[in-house]
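So the chains spell out like this:
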Amino acid sequence: MITILNDDFSQLNTFLHEKSFSKIFILVDENTHEYCLPVLLGNMETDLGFEILEIEAGEEMKNIQTANQLWEILTEMQADRKALVINLGGGVITDMGGFISSTYKRGVQFINIPTTLLSMCDASIGGKTGIDLMNYKNMVGTFAFPEQIFIYPKFLETLPFKELRSGFAEMLKHGLIADKAHWESLIQIHKLDAETIVPHIQTSMDIKQHVVEKDFHEKDIRKTLNFGHTIGHSVESLCLSQGNPILHGEAVAMGMICEAHLAYLEGLITQQDAETIVENLQRYYPYLDISDFTDESITALLLNDKKNTNSKINFSLLSGIGSCTYDHQCSQENILKSLAFYRK
Ligand code: NAD
Ligand code: ZN
């Protein structure tokens, strides 16, 4: 369940009172420690003891070493199966916190309090947790639902612009795959900031939630959420492996540009729709220089995508603005053409 918090966090306090947890562990990174934890602690009313678990900020931390350290700390602090983990942060924290919680002692309860736009509209919803492995994104993980998701939109006020823009890519994706009116209202926004974006968050969360409820295990419609992510993830992984990480939403925006063009090449959408999508994405997102990456290196990663079956690359491609297909296998020629289109 997703709850938008009042200024006094009363719904969170009710939740904490109603459940009988043994202890609370709050997972933060250095930034959410500084900007968000004081707000949470200032409003949280509980007699339970709590411990702060802090990791360094960044995708580079979303790995097995960090997970191992956190499992060890939970063990040293004698966390039992009635412990509650509160994940206070962006997608790295909700992915990592969900992963360690769902595996520690075969699972302790956790809640997500997302603090980035990306985690509010996307990462904290849907029950996917995970860590990266050998530069492959989210290779190891679990399906596990948080007990609750609490959204406090004011956390966005301290979020750097680039992070806000990164999360906005997932909102645009939600519009493109499922709700043309949402896409159209988002592209009316000229200046991206917390004030202009917050009114649209609920629609994006609802789209993600709705899709996940219909297909939790990603057998069909949930695959549409992967639009922009097939090529996007490959480029994100390549950048990460070169020690030059880019933001997830930046990679997804790039991926959506390529995959919108690919949908046109595959005859799924009109040239006009493809151009509208590309032009609008380019308004928000700067060009990513992918000249260092060969077609072969990108294709090799595409072939390792989790969505693939029988060694065939499965794409989730738009069938219009507001609708999306999945398990679409494209010709190699068109995939390379879509990358060449972006490079131009
Ligand atoms: P992030 O967690 O790294 O947060 C981005 C940056 O913002 C970090 O430096 C963080 O410290 C800082 N920050 C967070 N909240 C802040 C605040 N309120 N004020 C100031 N700074 C703040 O990244 P993200 O973009 O939120 O999430 C990306 C991750 O989410 C990726 O690892 C991606 O794979 C994952 N993801 C998961 C899912 C899923 O379904 N599980 C979906 C989408 C993305
Ligand atoms: Zn994403």
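These notes cover the structure that comes with them. (Residues numbered from 1 in each chain as written. Chains lettered and ligands numbered in written order. Predicted model: local features only at pLDDT ≥ 70, side-chain atom pairs only at ≥ 80, totals over all residues. Heavy atoms only, no water.)

Some thoughts on the packing of aromatic side chains
- In total, this model carries 10 aromatic pairs according to the counting rule given.
- Judged by centre distance (5.1 Å) and plane angle (70°), the rings of Phe 168 and Tyr 284 are edge-to-face. One end of the pair, Phe 168, is in helix H7 (residues 161-178); the other, Tyr 284, is in helix H12 (residues 271-284), with 116 residues separating them in the sequence. Tyr 284 shares its class with Phe 168; the two are buried.
- Relative to Tyr 342, the ring of Tyr 287 lies with its centre 5.0 Å away and its plane at 20°, an arrangement referred to as stacked. Of this pair, Tyr 287 sits in the loop between H12 and helix H13 (295-303) while Tyr 342 sits in helix H14 (residues 332-343); the two residues are 55 residues apart in sequence, bridging distant segments of the chain.
- According to the relative accessible area criterion, Tyr 287 is partly exposed, its value standing at 48%.
- An aromatic cluster of three or more residues is present, and its members are Phe 9, Tyr 152 and Phe 155. (Phe/Tyr/Trp six-rings, centres within 6.5 Å; stacked < 30°, edge-to-face > 60°. Helix = DSSP H or I, 4+ residues; strand = E, 2+ residues; numbered from the N terminus. Buried < 20%, exposed > 50% of the residue type's maximum accessible area, 1.4 Å probe, protein only.)

A short note on the site of ligand 1
- Looking at ligand 1, there are 27 residues lining it, with Asp 29, Glu 59, Thr 116, Lys 137 and Thr 158 nearest.
- Here an oxygen atom of ligand 1 and a side-chain polar atom of Glu 59 are 2.5 Å apart.
- At a separation of 2.8 Å, an oxygen atom of ligand 1 approaches a polar side-chain atom of Lys 62.
- Mapped by element, the contributors of at least two residues to the shell around ligand 1 are helix H2 (30-35), helix H5 (91-103), helix H6 (117-123) and strand E7 (136-143).
- Grouping the constituent residues of the shell around ligand 1 by class yields 9 nonpolar, 9 polar and 9 charged. (Near = heavy atom within 4 Å. Polar contact = N/O pair within 3.5 Å; in protein donor to acceptor, adjacent residues only side chain to side chain. Nonpolar A, V, L, I, M, F, W, Y, C, P; charged D, E, K, R; others polar.)

A few points about the pairing of strand E5 (residues 109-114)
- Of all 6 residues making up E5, 5 are buried, and the element is well covered by its neighbours.
- Tracing the backbone out of strand E4 (residues 84-89), into H5 and back to the parallel element E5 gives a crossover that is right-handed. (Right-handed = clockwise from strand over helix to strand, strands pointing away.)

Some words on the pattern of salt bridges
- Under the defined criterion, the tally for this structure stands at 18 salt bridges.
- A salt bridge links Lys 173 to Glu 170; the nearest nitrogen and oxygen atoms lie 2.8 Å apart. Of this pair, Lys 173 and Glu 170 both sit in helix H7, 3 residues apart, which is roughly one turn of the helix.
- A relative accessible area of 1% means that Lys 173 is categorised as buried.
- Judged by relative accessible area, Glu 170 falls into the buried class, the value being 0%. (Salt bridge = Lys/Arg side-chain N within 4 Å of Asp/Glu carboxyl O.)

Remarks on a nonpolar patch on the surface
- A cluster of nonpolar side chains, contributed by Leu 133, Met 134, Met 139 and Val 140, occupies part of the molecular surface with about 340 Å² of accessible area.
- Summarising the element assignment, Met 139 is placed in strand E7. (Patch = residues over 30% accessible without salt bridge, like charges linked within 9 Å, V, L, I, M, F, W, Y side chains within 5 Å. Areas by Shrake-Rupley, 256 points an atom, 1.4 Å probe, with all protein chains shown as cover.)

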